[in-house]
Amino acid sequence: MKDIRLMKGNEAIAEGVIRAGCDGYFGYPITPQSEVLEYLMATKTKERTGMITMQAESEIASIHMVYGGAAAGKRVMTSSSSPGISLMQEGISFMAGTELPCLLLNVVRGGPGLGTIQPSQSDYFQAVKGGGHGDYKMIVLAPASVQEMYDFAKLGFELAFKHRIQVMVLSDGAIGQMMEKVELDEQVPRWTDAEIVKMHPWATTGKTPDRERNIITSLDLNPVKQEIININLQKKFKHIEETEVRFERIMCDDAEYLFVAYGSSARICQKAVMLGRERGIKVGLLRPITLFPYPTHELAKLAKQVKGMLSVEMSAGQMVEDVRLSVNGAVPVEHYGRLGGIMPAPDEVLNVLENKFIKNKNYELHTH
Amino acid sequence: MKDIRLMKGNEAIAEGVIRAGCDGYFGYPITPQSEVLEYLMATKTKERTGMITMQAESEIASIHMVYGGAAAGKRVMTSSSSPGISLMQEGISFMAGTELPCLLLNVVRGGPGLGTIQPSQSDYFQAVKGGGHGDYKMIVLAPASVQEMYDFAKLGFELAFKHRIQVMVLSDGAIGQMMEKVELDEQVPRWTDAEIVKMHPWATTGKTPDRERNIITSLDLNPVKQEIININLQKKFKHIEETEVRFERIMCDDAEYLFVAYGSSARICQKAVMLGRERGIKVGLLRPITLFPYPTHELAKLAKQVKGMLSVEMSAGQMVEDVRLSVNGAVPVEHYGRLGGIMPAPDEVLNVLENKFIKNKNYELHTH
Amino acid sequence: MTEEIIIAGFGGQGVLSMGKILAYAGMMQNKEVSWFPSYGPEMRGGTANVTVIISDERISSPILNKFDTAIILNQQSMDKFENSVKKGGVLIYDPNGIVRHPERTDINIYTIDAADEAAKLGFKKVFNMIVLGAFLKLKPLIEPEYMRKGLEKSLPLRHHGMIPENEKAIELGKSKVHEMLVLS
Amino acid sequence: MTEEIIIAGFGGQGVLSMGKILAYAGMMQNKEVSWFPSYGPEMRGGTANVTVIISDERISSPILNKFDTAIILNQQSMDKFENSVKKGGVLIYDPNGIVRHPERTDINIYTIDAADEAAKLGFKKVFNMIVLGAFLKLKPLIEPEYMRKGLEKSLPLRHHGMIPENEKAIELGKSKVHEMLVLS
Amino acid sequence: MATVKGEIVVNTERCKGCELCVPVCKEKTIAMSGNLNSKGYHFATSTNDDCNGCTNCAIVCPDGAITVYRVKLKEEKIN
Amino acid sequence: MATVKGEIVVNTERCKGCELCVPVCKEKTIAMSGNLNSKGYHFATSTNDDCNGCTNCAIVCPDGAITVYRVKLKEEKIN
Amino acid sequence: MSYIPTREEIIEDHDNVVYERTCLLTDNALSYCPGCGHGTAHRLIMEVIEEMNLQADTIGVAPVGCSVLAYDFMNIDMQQAAHGRAPAVATGIKRLYPNKFVFTYQGDGDLAAIGTGETLHACNRGENITVFFVNNGIYGMTGGQMAPTTLPNMKTATSPFGRDTETMGHPLKITELVSHLPGTYFVSRQSVHTPANVRKAKKAIEKAIQYQKLNKGLCFVEIVSNCNSGWKMTPLESNKWMEENMFPFYPLGDIKVPK
Amino acid sequence: MSYIPTREEIIEDHDNVVYERTCLLTDNALSYCPGCGHGTAHRLIMEVIEEMNLQADTIGVAPVGCSVLAYDFMNIDMQQAAHGRAPAVATGIKRLYPNKFVFTYQGDGDLAAIGTGETLHACNRGENITVFFVNNGIYGMTGGQMAPTTLPNMKTATSPFGRDTETMGHPLKITELVSHLPGTYFVSRQSVHTPANVRKAKKAIEKAIQYQKLNKGLCFVEIVSNCNSGWKMTPLESNKWMEENMFPFYPLGDIKVPK
Ligand SMILES: Cc1ncc(C[n+]2csc(CCOP(=O)(O)OP(=O)(O)O)c2C)c(N)n1
Ligand SMILES: Cc1ncc(C[n+]2csc(CCOP(=O)(O)OP(=O)(O)O)c2C)c(N)n1
Ligand code: SF4
Ligand code: SF4
Ligand code: SF4
Ligand code: SF4
Ligand code: SF4
Ligand code: SF4
Ligand SMILES: [Mg+2]
Ligand SMILES: [Mg+2]
């Protein structure tokens, strides 16, 4: 029998990581994601699977505990919300430099600063362009449902270890706090220490006589070597761009106008597509699931078909840059966003699309 | 008589802030910028102008000391290099949310992680797109000489207070460590406390009976109010985009090909322009001085004139996105970068330009 | 079938758990459901509301500004949500504490004296179940057996003894809802 | 006039300060100058080098890979920079400790026995000034009065007493540089 | 016999009904009202004439809801 | 009279000429060489036969440059 | 017998007021739960500032925690600091305004978890600031998670089976710790749940402010307080629980006094 | 009289070796300045790990500081941690590998400035890790700036006129501080500049490792060391200066021992 539950997004991903065989969670409370740590504590992960759940003294400590565990080959993660994720930027850059796999969850709230605890998507740049220093990318997964919050736990760990990369689940307060039906799957067993030694020969598990010592470091003072390290990193990112793009096409086949939206904005746009079709507008939705790698080619293809694209984000215009870079001037790309924790409504975004592209009025944007 | 000195870039900006009437510097050592704090300490700022120079326990403490000082209307600053700047991202986002003026210096080194201490330009995204959470922008000044390191101290404080915004001087290890001639100007007097009360009525200087209490906060839990705050912020950024763009055109008037480069890369490209002209190539250089606001319109204009643009950065390709967004497909835009602390040479970048656009060979990029 | 519901009132009135029971019951009856709360410290003593959607199809937006049904339990929520009911939709409210009654004529308005009834029972906690009963009378989306399953799933084990009381309250609610005369 | 110079050797040989004195002197003579060092912990006991540019015009790139003159003070630097001298350019080196001598035939190569001369003087510290003298002999960019001003500006006051010794060492260097016979 | 007489005034809108003021009143002057304020709280109220103005209630009130008054009674000297 | 005899071997390429080993040798066995190693350091060297293998020099050497040997001398019993 | 005035007569005359809310508390209703000690702590600090006539000279720093909105209630110039960073923020202010009175107001999560470094170093440097530290053994604001100061076996949202000192560490006596640093001048632990304690706490606050005016270094006043919501008790129960459980571990009184 | 063997005879026979560099130090030349105590500290730790046969069970954490490259010298699995975060990194490892021997190696800037929070909380939680703390009173790596442990009036690149305790604070005795926390089990301060001190330091290191194997909580071994480059002295001068100036302030010996 299928194991179906009604869960909050935050609970779903917590249950998801347990079932994905996660070895350790290290985190610090912050709204709207504290349920992740609370759920893990309440479910006694240690007794259930042996997974360690630990409240750290700060987000900075959390990310470096993750670093330590990841560098020893374990499936580890942390979660936070915007201000806490900002504090982790140095640590994330260190994990990028050392190519350590891990799962990071940002349940985004409105910024800048302390901002608000309401949902937002204004951390796109930070997640996708790199909020830390140096040239690096993370794989960024954008769940649009509680089920995906659950699913991306397992997918996240898989991708993280496949590519030795940090995977960030970029969620938001709405997805984190809402309840939906979730179908759970089987428990993936945690790796034994012996399996880790075998599967991850780079991991610092203790130097045995049969191999050289393992070193996890992001430092090389020799610029020639450092450049090679960086070039190899870039090659990896390129490879990921070629192989790991994920997106969902909703009513795109005959679309004349396109919403581009991820996460909870995509849910809103999905409804707007339905409303639009009722109004007789041939509108579709391209929902990027991976924000890095971005579905650039898909958008370039769609640019040949549609008359205009509207990037809908709960931000002042961040992802829209990637849409524009994808279509490279081939078709008008506009942005519509709500800020500060406000979520747009389906008819609202549909009206904007109509006004921008169809009625061609000089529509007054909320954000400018 | 003019006061001319031979100084390191780091020393020049230190002298610059003193003369710009800076009230307080708070910082933590890190190569390649520790000379800033060392110079300030050695020059006894307290005795010279009354300026406070303080070594903090960390970069995080530094940025929040800056927050405190700025919120009380003082001209304050911090400086660091890449990993230290990553640690400040939460603090910077708080300053953005509270619209506090300050001067920030990033003498960029190679990343990600601990990386190297050699010069790099791989923190462009962090500085320009926003490494912290939320929708915000800083004014980003990119000095290309020691003189500009000096000049941008004063300019930086002026812009910071004019717009109540954070101004980041995005330098790099090369500009920070090299010595050039610097012409110093007169000491700008530090503001008296009374002047601050007058000039900055928002500053928390102690509530007097003649006014309401002043509050510096980035929090508003009411999303409607929070959205208004954010919209006003966006309006400010828009205004800055309209009024504060700075760039330098070098041999652009008749250019058929264009380098786009900032900071020390621009110095290299300037030499490459000279070499190119010797070879008979009509090549020019557009040097953005402000990275935000970006010289989008200037590049869009130049896109009508040139046959190709090469963005040269000591990074895997960051500013190139802004070049592409500016020209919107009108002209091919390529990127050339060296990584990990390596600086390209003038003939090297010229060769790349020739090969990409003129000989039209399939030039093998270093970075891909 | 898709039913889009907003439930809004004071924190402490059981708004969120009423939504949760409804969503659980819908899920047990094999429907798609979503439950989206207002959250955060503003809930402390302030207002609380939750959007519940029950549907036969995959749910698109869990966040809405128009609803098939609004269940309104204080004045603030009335001010906020009266105009969010779709034309022809349903508004149910408890008149207790309501100063300005709804004025729309293009929707169907019902009242339920849940606070009074709960007080009469001497059992204030079932207030929200009485309201839920009123809703279910008007929108019989969920069959009683699934309501029970929903209660079982959403209440912690130690409260399962209370399920009969809750069911009774639901039945009471069903019997006490009545339509407001629209004077137009 | 633009002169692009690399000075390279061990940390401790006074490479950076030699470049600094040259740059200061150039500045005093109203030229444009730049001084760009290798920096960081690799300097600890490792190699050190500095690019100095002296020019009548605004200096474009302070970072170069081709030089008019290379002043080379150990083997590692010879290996690294011999090929960076422009065709027709100048390479000056101290043969002390050099195992593999320069082999290019399209540049002008000079030697200066600065270590030996300094040892003879019993005053090792002026080693770099002797080298600087050799350079100035070949490239008399800076007039002696500005060299003195450069020394004054770049040395801390407490070392000003040493300026005459430094000047003498420069003169010594000028007299001791000699061209290498190119066997080709 | 009391030589002072006190009175308290509770700002019923500020009062949150926490009841902290009740036990600290030696004179048992304060009790919680059966009525609610606009925020739904039962507020504190003065229930007898015994208040001596000691201010205990006011200084433990987290919401600064109580103002205390006191007058000295002009006492006729006995003896 | 010594009942043991020691010897040290200095890894002259590891030695950085810090001189820390010199004063800790009670036997005054160690001195700095006039020669330089390839990194330019004057290295430590054993200058007499008095080493007793006490290891003092080796255990203060930050660079682990000294190996110490010791043999027991077969002593003829007097008395 | 004397004439006994009526209630109306008494309250009509403002001269009869022996206690009223200080004007340095705004008219905004406090956002705290009923019975929460934060309100009393706010009031005491504002009373002292009023009495010492320091309003125009005061710059306060609010933390992240339930008291994040302190600036809505305290009628003084205030800055809201990022979580844990109030001591750094206050340092920045005080260094630039050595003659102002600068204080931070922080919770236990803010001061003793994420802000440990800033707290310790401000104390160690002997910054001339005053730290008011409200220790309620829990993260009130975020819904009752474990704090560094949570007592052994105490149940919170993130220690639902009680704080297990084996894996979660012992409660951190940060106040004792900072008292060991030469930079702290006056360190005291108080509570505000009874009239007597309120009076003592106010004395400690007065001293702390006095000393700052004399440039004596950092003064640190802890207030052990209830978080009845987080502890899931009524206000009266929570104060009782506090006396029985918190005070034995966090004994009240001065910890470091000037010699 | 006995036969006295020749030098060649003695060193020919490996059985005669009474001291040689442990095989747990790699062949890489140490990157430290001549005479720097880091090298000796490295060696002692590696000797003990060798003697206790722990190589396969050890995961070390290198800091940011002069010893950032410790992994080039220690022949064990190692992770390089961000500046100040080694205790958090070690916590992450140890929680997931409770049977491994996990240690951090940190400088005073790393451990007592930027890393204060991580240090204190790892100590407070009683993480079963061992912290080796090399206190040289300065930031060696970055060119000799002031550290939290810099002595009063000591000149550094950022206190060129001497550490002014009025504005820069007093030197921080972090070791004494952490010894007050219930989570620390064994806390000791040693030096490695004389044979006798080296021997004592090694004993302390042995104990610290032993106790970790017994899951006793956090063990903390400070090594007061020279930074002759930063102090601008010869190695011998610097050791003398250390004895005369550092030891009075940072007295050697055990600070907390198991009861
Ligand atoms: C960087 C960051 N991390 C986490 C949070 C979430 N957060 C807000 S308040 C708080 C703790 C509050 O506890 P405490 O300081 O004890 O104050 P109290 O509410 O108990 O008075 C936390 C973790 C935040 N706002 N910012
Ligand atoms: C986030 C960050 N800030 C600053 C630095 C620069 N930095 C490198 S090492 C160091 C201090 C080293 O001092 P210490 O820890 O005492 O070690 P030592 O070199 O003295 O052994 C600093 C500040 C850095 N690498 N990262
Ligand atoms: S002032 Fe004293 S006597 Fe009067 S009501 Fe308050 S506590 Fe009671
Ligand atoms: S203490 Fe204050 S808030 Fe609490 S019941 Fe009494 S008057 Fe009301
Ligand atoms: S082993 Fe002892 S006696 Fe021999 S050289 Fe070394 S210190 Fe001297
Ligand atoms: S202690 Fe070691 S490094 Fe120093 S001089 Fe002696 S052998 Fe050489
Ligand atoms: S949650 Fe706790 S600390 Fe916060 S206001 Fe309520 S009782 Fe006070
Ligand atoms: S700088 Fe100091 S700590 Fe670093 S290696 Fe040199 S002597 Fe040692
Ligand atoms: Mg608390
Ligand atoms: Mg140090």
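Residues numbered from 1 in each chain as written. Chains lettered and ligands numbered in written order. Predicted model: local features only at pLDDT ≥ 70, side-chain atom pairs only at ≥ 80, totals over all residues. Heavy atoms only, no water.

## Some words on the coordination of the magnesium ion (ligand 9)
For a metal with four tetrahedral donors the ideal donor-metal-donor angle is 109.5 degrees, whereas six octahedral donors ideally subtend 90 or 180 degrees.
Residue and element names in this part refer to chain G.
At step 1: At the metal site, the magnesium ion (ligand 9) is ligated by Asp108 (OD), Asn136 (OD1) and Ile138 (O), and these contacts range over 2.0 to 2.1 Å.
At step 2: Summarised as a motif, the one-chain spacing of the donors to the magnesium ion (ligand 9) is D-x27-N-x1-I. Of this pair, Asp108 sits in helix 5 (residues 108-114) while Asn136 sits in the loop between strand 5 (130-135) and strand 6 (138-139), and the two are 28 residues apart along the sequence.
At step 3: For Asp108, a relative accessible area of 2% gives the class buried.
At step 4: Look at Asn136 and you get buried, because its relative accessible area is 6%. (Donors = N, O, S within 2.8 Å, 3.2 Å for Na, K, Ca; no water. Helix = DSSP H or I, 4+ residues; strand = E, 2+ residues; numbered from the N terminus. Buried < 20%, exposed > 50% of the residue type's maximum accessible area, 1.4 Å probe, protein only.)

## A few points about the relation of the copies chain B and chain A
At step 1: In the superposition of chain B on chain A (RMSD 0.0 Å, axial shift 0.0 Å), the rotation amounts to 180°. Between the two chains, the operation in question is that of a two-fold axis. Scanning chain B for the C-alpha nearest the rotation axis identifies Gly131 of chain B, at a separation of 1.8 Å.
At step 2: Comparing contact sets, 100% of the residues at the interface of chain B also lie at the interface in chain A, consistent with an isologous, same-surface contact. (Least-squares fit on C-alpha atoms with pLDDT ≥ 70 in both. Contact = heavy atoms within 4.5 Å.)

## Quick word on the confidence of the model for chain A
At step 1: Model confidence for chain A is summarised by a mean pLDDT of 96, while 97% of its residues fall at 70 or above.
At step 2: Note that pLDDT drops below 50 for residues 361-368 of chain A; the model gives that stretch 20 contacts with residues more than four away or on any other chain. (pLDDT = per-residue confidence, 0-100.)

## Comments concerning the site of ligand 4
At step 1: Near ligand 4 you find Cys15, Lys16, Gly17, Cys18, Glu19, Cys21, Met32, Ala44, Cys61, Pro62, Ala65 and Ile66 of chain E, and these make up its full shell.
At step 2: Of the residues that constitute the shell around ligand 4, the class distribution is nine nonpolar, one polar and two charged. (Near = heavy atom within 4 Å. Nonpolar A, V, L, I, M, F, W, Y, C, P; charged D, E, K, R; others polar.)

## Thoughts on the interface of chain B and chain A
At step 1: Taken together, the contact pairs 63 residues of chain B with 63 residues of chain A.
At step 2: Buried area between chain B and chain A, both sides added, is near 5,100 Å², and the carbon and sulfur share of it is 60%.
At step 3: On the chain B side of the contact with chain A, Pro112, His133 and Glu227 of chain B bury the most area, a combined 13% of that side's loss.
At step 4: Residue Lys129 of chain B pairs with Glu321 of chain A through a salt bridge whose shortest N-O separation is 2.8 Å.
At step 5: Linking chain B with chain A are 34 residue pairs in polar contact (both at pLDDT 80 or more), by the criterion used here.
At step 6: Those elements giving two or more residues to the side of chain B that touches chain A turn out to be helix 5 (82-87), helix 6 (89-98), helix 7 (124-130), helix 11 (223-243) and helix 14 (319-327) of chain B.
At step 7: Residue contributions to the side of chain B that touches chain A peak at nine residues, all from helix 11 of chain B.
At step 8: Here the side of chain B that touches chain A is composed, by residue class, of 20 nonpolar, 31 polar and 12 charged. (Buried area = accessible area lost by both parts, 1.4 Å probe. Salt bridge = Lys/Arg side-chain N within 4 Å of Asp/Glu carboxyl O. Polar contact = N/O pair within 3.5 Å; in protein donor to acceptor, adjacent residues only side chain to side chain.)

## A look at the environment of Ala48 of chain C
Residue and element names in this part refer to chain C.
At step 1: Structurally, Ala48 can be placed in strand 3 (residues 47-55).
At step 2: Put simply, Ala48 and Ser38 are 10 residues apart on the chain and 6.1 Å apart in space, counted from C-alpha to C-alpha.
At step 3: Non-local contacts of Ala48, meaning those with residues more than four positions away in its chain, are made with Ile7, Ala8, Gly9, Phe10, Gly11, Val15 and Ser38.

## Notes on helix 11 (residues 235-249) of chain G
All names here are of chain G.
At step 1: Compared with an ideal rise of 1.5 Å per residue, which puts 15 residues at 21 Å, helix 11 spans 20 Å between its outermost C-alpha atoms and is within 8% of the ideal.
At step 2: Along helix 11, the largest kink reaches about 40° and is centred on Met242.
At step 3: Among the residues making up helix 11, those that are buried are Pro235, Ser238, Asn239, Met242, Met246 and Phe247.
At step 4: Buried residues belonging to helix 11 abut strand 5, strand 8 (184-191), strand 9 (218-224) and helix 10 (228-231). (Expected span 1.5 Å × (residues − 1). Bend = angle between axes of the 7 residues up to and from the residue.)

## Focus: the pattern of salt bridges
All names here are of chain B.
At step 1: Per the stated rule, a full pass over the model turns up 116 salt bridges over all chains.
At step 2: Across the pair Arg279 and Glu354 runs a salt bridge, and its minimum N-O distance is 2.4 Å. Linking Arg279 in the loop between helix 12 (263-278) and strand 12 (283-288) with Glu354 in helix 15 (residues 346-358), this pair joins segments that are 75 residues apart in sequence.
At step 3: Among the residues examined, Arg279 registers a relative accessible area of 40% and is labelled partly exposed.

## Quick word on the packing of aromatic side chains
At step 1: Taken as a whole and judged by the stated rule, the model has 28 aromatic pairs over all chains.
At step 2: Each member of the aromatic cluster is reached from another via a ring pair, and the members are Phe101, Phe103 and Phe132 of chain G.
At step 3: Sitting above the plane of the Phe161 of chain G ring, Lys44 of chain A keeps its charged end 4.1 Å from the centroid.
At step 4: In this arrangement the basic side chain of Lys173 of chain G is found over the ring face of Phe249 of chain G, its NZ or CZ atom lying 4.4 Å from the centre. (Phe/Tyr/Trp six-rings, centres within 6.5 Å; stacked < 30°, edge-to-face > 60°. Lys NZ or Arg CZ within 6 Å of the ring centre and 35° of its normal.)

## Section: the arrangement of the chains
At step 1: Pairwise contact counts over the 14 pairs of chains in contact peak for chains A and B.
At step 2: No part of chain F reaches chain G; the closest C-alpha pair between them is 33 Å apart.

## Structural notes on the environment of Glu180 of chain A
At step 1: As for its placement among the helices and strands, Glu180 of chain A is situated in strand 8 (residues 179-184).
At step 2: Glu180 of chain A gets classed as buried once you look at its relative accessible area, which sits at 7%.
At step 3: Each C-alpha atom, one on Glu180 of chain A and one on Arg5 of chain A, is 8.0 Å from the other, the two residues being 175 residues apart in sequence.
At step 4: Each residue touching Glu180 of chain A, except ones within four places of it in the same chain, is listed here: Arg5, Leu6, Met7, Ser145, Val146 and Arg267 of chain A together with Val33 and Ser34 of chain C.
At step 5: Separated by 3.0 Å, the side chain of Glu180 of chain A and the backbone nitrogen of Val146 of chain A make a polar contact.
At step 6: Among the polar contacts made by the side chain of Glu180 of chain A, one reaches the side chain of Arg267 of chain A at a distance of 2.6 Å.

## Looking at the domain arrangement of chain A
All names here are of chain A.
At step 1: By domain assignment, chain A separates into domain 1 (3-194) and domain 2 (247-366).
At step 2: Listed per partner, the contact involves 28 residues of domain 1 and 26 residues of domain 2.
At step 3: The contact between domain 1 and domain 2 buries some 2,100 Å² in all, and 56% of this surface belongs to carbon and sulfur atoms.
At step 4: Counting the surface domain 1 buries against domain 2, the share from its top three residues, Gln121, Tyr124 and Phe125, is 33%.
At step 5: In this assembly, domain 1 and domain 2 are joined by three salt bridges.
At step 6: The shortest N-O distance in the salt bridge between Glu148 and Arg287 comes to 2.7 Å.
At step 7: Our enumeration of links across domain 1 and domain 2 arrives at 16 residue pairs in polar contact (both at pLDDT 80 or more). (Domains from an automatic or database assignment.)

## A closer look at unusual backbone geometry
At step 1: With omega at -10°, the peptide bond leading from Gly111 of chain B into Pro112 of chain B counts as cis.
At step 2: Note that Pro112 of chain B resides in the loop between strand 5 (102-108) and helix 7.
At step 3: In this model, Arg164 of chain A sits at a positive phi of 50°, which is unusual for a non-glycine residue.
At step 4: Residue position: Arg164 of chain A is located in the loop between helix 8 (146-163) and strand 7 (166-172).
At step 5: Positive phi values are uncommon outside glycine, yet Lys232 of chain H reaches one of about 60°.
At step 6: Along the polypeptide, Lys232 of chain H turns up in the loop between helix 10 (228-231) and helix 11 (235-249).
At step 7: Accessibility expressed as a relative area gives 72% for Lys232 of chain H, which makes it exposed.

## Things to note about the packing of helix 2 (residues 37-51) of chain H against helix 9 (residues 195-213) of chain H
Residue and element names in this part refer to chain H.
At step 1: Relative to each other, helix 2 and helix 9 sit at 50°, their axes nearing to 10 Å. The orientation of helix 2 relative to helix 9 falls into the category oblique. In this structure, helix 2 meets helix 9 at a crossing whose hand is right-handed. Each of Thr40, Leu44, Ile45, Glu47, Val48, Ile49 and Glu51 in helix 2 lies in contact with helix 9, whose residues at this interface are Val198, Ala201, Lys202, Ile205, Glu206 and Ile209. (Axes fitted to C-alpha atoms, helices over the stretch in contact; angles between N-to-C directions. Parallel < 35°, antiparallel > 145°, perpendicular 65-115°, else oblique. Left-handed = near helix turned anticlockwise from the far one by under 90°.)

## Section: helix 2 (residues 37-51) of chain G
Residues spaced three or four apart along an α-helix face the same direction, because each turn holds 3.6 residues.
All names here are of chain G.
At step 1: Its 15 residues place the ends of helix 2 21 Å apart at the C-alpha level, agreeing with the 21 Å of an ideal helix rising 1.5 Å per residue.
At step 2: Within helix 2, 13 of the 15 residues are buried, which leaves the element mostly enclosed by the surrounding structure.
At step 3: Note on helix 2: the residue one or two positions beyond its end, Asn53, has a positive phi of about 60°.

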